[in-house]
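Here is how the chains run, residue by residue.
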Amino acid sequence: METTRGQRGHYAALSHCWGKEQLLTTTQATIAKRMRGIPLEQMPKTFQDAVAITRGLGLRYIWIDSLCIIQQDKADWEQQSAVMADIYACCYLNIAATRATGGHEGCLGARWTARDSLQWTEEFSSSVDDGDGKREPVSRKRKCKVKSFKVPGMGQDIRIRLAMESSHEALQTPRWIRMHMDAAPLLPRAWVYQERSLAARSVHLHANEMVWACNVTQRCECKALDGSPPEGDGWSASKDRIAKLGALNDKKALHGLWRTIVEDVSLLDLTYESDRLPALSGLAYRFAEYFPKNERYLAGLWEGDLARDL
């Protein structure tokens, strides 16, 4: 681990679920050890995968919250949370471990999709009984490996596979994200909303495929998302609108977009409910740049449109 002390350079940032297992962290008791170095084999699998991606891009640095923020240290937390907007807004790439429920799962691996078919369930359950004619309850969801097939007659190893709509829906319909928790457990996390909104570019390692989202457009491996507006369904605050706050010269439009963001984040999950407002703080800093200097931010509300915000 390294402190930059004013150095400038490219770095990646990691968005990830901590999970229920003990994660590798930095505390006051371990910070000296962390500064001497962290053997790669001692890192959780998700961290190892993120390091591999960072190195593959030729980057030297990666920012991981559990390591770069001193845990159980209120002073360091307050200092780091105050600059959270800049950490993600300035990163070269945000690596989103979208498919992983915890740090020990990893974000690089075989693709899979969750099949939810009433017809398949009915057919399968009708062929399964306990010996006396009673049907055994069968889950309507199962994991299926995503297979690709080599295109014959090509000089290079080019493969094709079916498009998996789950990744598209997960990134395009934030208000219904809970429908995709199996394949994209990262996205319902409130802290991640801010991270993906502020980062200029993110790559999502979804269970089905990789998806690219930047301030201008989206792309995915099957090309179904190519050229579509980033992460917007008409109901939620899309990434491209947040990236273009300066173009919203109408103060009323800024307030309206902020209320949409608050609605979005209110639907998402937190381990500690007390983090609800801190999970918005980075976005609040960005909005403050475009509101009048004397307009106060009041715990998730803006003084200039307080009646509507309430």
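Rules used throughout
Residues numbered from 1 in each chain as written. Predicted model: local features only at pLDDT ≥ 70, side-chain atom pairs only at ≥ 80, totals over all residues. Heavy atoms only, no water. Axes fitted to C-alpha atoms, helices over the stretch in contact; angles between N-to-C directions. Helix = DSSP H or I, 4+ residues; strand = E, 2+ residues; numbered from the N terminus. Parallel < 35°, antiparallel > 145°, perpendicular 65-115°, else oblique. Left-handed = near helix turned anticlockwise from the far one by under 90°. Contact = heavy atoms within 4.5 Å. Nonpolar A, V, L, I, M, F, W, Y, C, P; charged D, E, K, R; others polar. Core = buried A, V, L, I, M, F, W, Y, C linked by side-chain atoms within 4.5 Å. Buried < 20%, exposed > 50% of the residue type's maximum accessible area, 1.4 Å probe, protein only. Salt bridge = Lys/Arg side-chain N within 4 Å of Asp/Glu carboxyl O. Pairing = 2+ DSSP bridges. 1 Å grid on protein atoms, 1.4 Å probe; cavity = no way out; pocket = protein on both sides within 12 Å on 5 of 7 lines; lining within 4 Å. Points joined across faces, edges and corners; volume = space filled by probe spheres on them. Arc of directions from axis to C-beta. Phe/Tyr/Trp six-rings, centres within 6.5 Å; stacked < 30°, edge-to-face > 60°.

1. As for the packing of helix 8 (residues 190-198) against helix 11 (residues 278-288)
Their axes nearest at 8 Å, the elements helix 8 and helix 11 cross at an angle of 25 degrees. Taken as axis vectors, helix 8 and helix 11 run roughly parallel relative to one another. Helix 8 and helix 11 meet at a crossing whose hand is left-handed. Each of Ala190, Trp191, Tyr193, Gln194, Ser197 and Leu198 in helix 8 lies in contact with helix 11, whose residues at this interface are Pro278, Ala279, Leu280, Ser281, Gly282, Leu283 and Arg286. Residues belonging to the contact of helix 8 with helix 11 are distributed by class as follows: eight nonpolar, four polar and one charged.

2. Here we look at the nonpolar core
Ranked by internal contacts, the top residues of the largest apolar core, which has 38 residues, are Trp63, Tyr88, Trp258, Ile261, Leu283 and Phe287. Breaking this core down by element, the ones donating at least two residues are strand 1 (11-15), helix 5 (84-89), helix 7 (165-172), helix 8, helix 10 (251-266) and helix 11. Met43, Ala50, Leu67 and Ala100 belong to the second-largest nonpolar core, a separate cluster that totals 20 residues.

3. Digging into the pattern of salt bridges
By the definition in use, this model includes nine salt bridges. When the shortest N-O distance is used, the salt bridge between Asp86 and Arg286 registers 3.0 Å. Of this pair, Asp86 sits in helix 5 while Arg286 sits in helix 11; the two residues are 200 residues apart in sequence, bridging distant segments of the chain. Using a relative accessible area of 38% as the deciding quantity, one classes Asp86 as partly exposed.

4. Focus on the sheet that holds strand 10 (residues 218-220)
Spatially, 2-1-3-8-9-10 is the arrangement adopted by the six strands of the open sheet, whose pairing is mixed. Each end of this open sheet is capped by a strand with a single partner; those strands are strand 2 (61-63) and strand 10. Neighbour to neighbour, the strand axes of the sheet diverge by 20 degrees on average, direction disregarded. Relative to strand 10, strand 9 (residues 210-214) runs antiparallel, the two being bridged by three bridges. Looking at strand 10, one finds that Trp212 is bridged to Arg219.

5. Comments concerning the layout of surface pockets
Roughly 1100 Å³ of volume is contained in the second largest pocket. Along the wall of the second largest pocket there are 33 residues; nearest its centre are Trp18, Gln71, Thr271, Tyr272 and Asp275. Of all the secondary-structure elements, those providing two or more residues to the lining of the second largest pocket are strand 1, helix 5 and helix 8. Among the elements that take part in the lining of the second largest pocket, helix 8 stands out by supplying three residues, more than any other.

6. Notes on the pairing of strand 3 (residues 93-96)
Alternating residues of strand 3 divide into Leu93 and Ile95 and Asn94 and Ala96, and every residue in both groups is buried. Relative to strand 3, strand 1 runs parallel, the two being bridged by four bridges. Among the inter-strand pairings, Leu14 is bridged to a residue of strand 3, identified as Ile95. Summarising the sheet, strand 3 and strand 8 (residues 201-205) pair through three bridges and their orientation is parallel. Its bridge partner lying in strand 8, Asn94 is registered against Ser202.

7. Some points on helix 4 (residues 74-82)
Among the residues making up helix 4, those that are buried are Asp76, Gln80 and Ser81. The buried residues of helix 4 occupy an angular sector of 125 degrees when projected down its axis, which confines them to one face. Among the exposed residues of helix 4, those oriented more than 90 degrees off its buried face are Lys74, Ala75 and Gln79. In the core, the buried residues of helix 4 are packed alongside helix 3 (65-68), helix 5 and helix 11.

8. A short note on the pairing of strand 1
Burial of strand 1 is extensive: five of the five residues sit out of reach of the surface. Residues Tyr11, Ala13 and Ser15 point to one face of strand 1 and Ala12 and Leu14 to the other, with burial holding for every one of them. Bridge analysis of strand 1 against strand 2 gives three bridges, and the strand direction is parallel. For Tyr11, the partnering residue across the bridge sits in strand 2 and is Tyr61.

9. Some details on the side chain of Thr54
Mapped onto the elements, Thr54 comes out in helix 2 (residues 45-56). Not counting residues within four places of it along the chain, the set of residues in contact with Thr54 comprises Ala12, Leu59, Tyr61, Ile62 and Ile95.

10. Comments concerning the packing of aromatic side chains
Counted under the stated rule, the structure contains eight aromatic pairs. Between Trp63 and Tyr88, the aromatic rings sit 5.7 Å apart at their centres with planes inclined by 80 degrees, giving edge-to-face as the arrangement. Residue Trp63 is located in strand 2, and its partner Tyr88 is located in helix 5; the two are separated by 25 residues in the primary sequence. In this pair, the class of Trp63 matches that of Tyr88, namely buried. Arranged with centres 5.1 Å apart and planes meeting at 70 degrees, the rings of Trp258 and Phe287 form a pair that is edge-to-face. Of this pair, Trp258 sits in helix 10 while Phe287 sits in helix 11, and the two are 29 residues apart along the sequence.

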